[in-house]
Every structure is written in structure tokens, then in C-alpha cells.
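# Geometric and topological summary
Read off the chains here:
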Amino acid sequence: MKNNPSLLQKNGVAALLAMVCCFLWGSAFPCVKIGYSLFQIAPEDIGSQILFAGIRFTLAGLLTIAIGSLISRKFLFPAAGCWGMVAKLSLAQTVVQYLLFYIGLANTSGVKASIITASNVFLSILISSLIFRYETLGKGKVLGCLLGFAGVVFINLNDTGMDRSMHFFGEGFLFLSTLSYALSSVLIKTYGRRENPITLSGYQFILGGISMMMAGLFMGGRLRGLTPSSILLLLYMALISSVAYSLWGILLKHNPVSKVAVFGFLNPVFGVVLSAILLKEQNQAFTLQGLLSLILVCIGIYVVNRETLSQ
């Protein structure tokens, strides 16, 4: 797929495409939990959770390659020397990230998950700055990271201190999932210089999805409750991944990580609102504590990126 770099580097175009990605990702939080209900997957049924994720991402990969090939008018296939990149990206972006994400989401609320995963913005910038040296880490970015993490911690507080329902296999796994995602964002920018981001996204989804399906089946996972509603939900979730990750990869290829990441503040906004509406979590989303947590996260992301936005 041929992209117009100058067009993709314009703030308005980048903002519009990034908002589409964030709306799709925000809708994933309640959709995963609704999917657990429709497919009769219990919180402790890790095998079925992994199988569910594997099917979703295999479909996402096939859709990505099919749509990308139609747009490009040729079949997308990685160059001979790019399969190692596909494997590494698949491990970070799909297998590790979503193994942790699906298990973690099954053991916490959609609202908490939305805000905790917002930390991927800060982690992406830190990895890009400190490890890959793509960006300069100044005092403003450090302050923004601290504000954002304060919001992540604040959502887990109650009248007696830290929420006692918080545990490693819930919120802990979600945070590790965001770390894996942050690493994959920088890898996409690096690998996108040598291979089409859509090709990378599609094949890493297929490779990661098949791996997760095999692992889920080995662990005794199975999907029940196959109905038109559950199948449509699964297809929508596949589209979430194929569209959002392809667009995000293209934006990362042509822009600094921080310039793209700033729009990630819409992720927790969409996630919290959609979780509140679809999962009936209004008592957590629309409390003063929930709103203050979300505000801290959004301010933190803005502070991290304000210099980039002014350029």
C-alpha cells in the first residue's frame, strides 16, 4: 500500500486517523467482556480465553492481508528477510500482550482496564527515548509520565486505601500487557522502514493468532454459545484489530512516536464511556474518583506531548 508521507504527517490527518484507532480500541474493553458472556467463558477458564483471543487475531490477520491486498492490487507477502521481524512483532504485539490482556481483563473491570492500559502511552515514549533513542526525554515528559501514573494508581484507591480487589492476575497482568504493547509500538516504527506496516500487522496477527489458538486448545479451551450475535461480535473484534493496528502502524512509520501517542488519551476516554454504557459500570466510571483519575491520565499525556503538538 502506497502512502503519502506529507499528508500523513499533517496534524489534522494524523488526529482523525488516530481517533478512529482509539475509538476502536476503546470499544474492545467492553466487547471482550461481552464476548466472555456470549461464549460462556468463566474468569478462571484461561484456556478458553486464550482460544477466544487466538481466533479473533487469526481472523484479524486474514482480514488485514485481504483488505491490504485489494487496496494494493497485489497479494501482500513479507520479503524473504522480514520473517524474523514478523515473528518478533507477533511475540510482543499479539502473543505476550494479549495473553496477559485477556487474562487480566477477566479479573478486573472494564473501567479499570481502560485507565491502566492508558499507561502504554508513557511506556512507549520512555522506551523510544531511553532504549531506542528516537526521542529526547525532557522534564516535561517526565512530569507527564508521573501525572499519568498517578491517575492509574488513583483509580485503584478507595476509602481504606488501595483497592483490595486488585491482584496480580488482574491489574498486574494488564500493566505487563501495556509494557509489551509499548515495545511493539517502537518495533513497528523500526521495522516499518523495511516492510509495509500492513503486511507486518497482518502476518504477525496470523502467526500470533494460530499460536494462541494452539495454546488454548492444549489447555482445554473451547467456545460455547455460538449464535449469530456472538459470531458478529467476534467479526467486529477482528475488524478492530485489523483496522486499528494497520492505521496505527502507518502513522508510526511517518511520524515521531510521541506525536502519534498523544492521541492515545482518547483510548481511556472511549474505553471508560463505552464500558460504563455497555457493561453498566456507571457507578465506577462516573464517580468523582473515576473522573479525576481519567483527567490525570489525559493531562499527563498532554504534558508529555505538548512540545510535539506545537511543532
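Residues numbered from 1 in each chain as written. Predicted model: local features only at pLDDT ≥ 70, side-chain atom pairs only at ≥ 80, totals over all residues. Heavy atoms only, no water.

## A closer look at the confidence of the model for the protein
The condition that has to hold: The score called pLDDT rates the predictor's confidence residue by residue, from a low of 0 to a high of 100. The helix count covers DSSP runs of H or I at least four residues long, the strand count covers runs of E at least two residues long, and both are numbered beginning at the N terminus.
Per-residue confidence for the protein averages 81 on the pLDDT scale, and 88% of its residues sit at or above 70. Taken element by element, the predicted model of the protein shows its lowest mean pLDDT in strand β2 (residues 161–162) (46) and its highest in helix α9 (residues 197–218) (92).

## Points about the packing of aromatic side chains
Note the following rule: Geometry of aromatic contacts follows a simple scheme: Phe, Tyr and Trp rings, the Trp one being its six-membered ring, pair when their centres are within 6.5 Å, and the pair is stacked under 30 degrees between planes, edge-to-face over 60, tilted otherwise. To sort residues, take the accessible area from a 1.4 Å probe on protein chains only and compare it with the maximum for the residue type: under 20% means buried, over 50% means exposed, and anything in between is partly exposed.
On inspection of all chains with the given rule, the structure shows 17 aromatic pairs. Taking 5.3 Å as the distance between ring centres and 70° as the angle between the ring planes, the aromatic pair formed by Phe-205 and Tyr-245 counts as edge-to-face. Of the two residues, Phe-205 is situated in helix α9 and Tyr-245 in helix α10 (residues 228–254); the sequence distance between them amounts to 40 residues. The exposure classification of Phe-205 matches that of Tyr-245, with both residues buried.

## Quick word on the nonpolar core
Filter applied, for reference: Residues belong to a common nonpolar core when they are buried Ala, Val, Leu, Ile, Met, Phe, Trp, Tyr or Cys residues joined through side-chain atoms within 4.5 Å. The contact criterion used throughout is that any non-hydrogen atoms of two residues lie within 4.5 Å.
One finds Trp-25, Phe-52, Phe-101, Tyr-102 and Trp-248 to be the most contacted residues of the largest nonpolar core, which totals 60 residues. By residue number, the principal contributor to this core is helix α2 (residues 11–38), which donates 12 residues. In this view, Phe-52 contacts Val-32, Gly-35, Tyr-36, Phe-39, Ile-41, Tyr-102, Leu-223, Leu-234 and Met-237; residues no more than four positions away in its chain are not counted. Core analysis: the next-biggest nonpolar cluster, separate from the first, contains 13 residues, Val-121, Ile-125, Ile-301 and Val-304 among them.

## Considerations on the state of the cysteines
Here is the rule we go by: Cysteine sulfurs are considered disulfide-paired once they come within 2.5 Å of each other.
Within the structure shown, the criterion is met by 0 disulfides. Summary of cysteine pairing: Cys-21 is not part of a disulfide, and the nearest cysteine sulfur, belonging to Cys-22, is at 6.5 Å. A relative accessible area of 0% places Cys-21 in the buried class.

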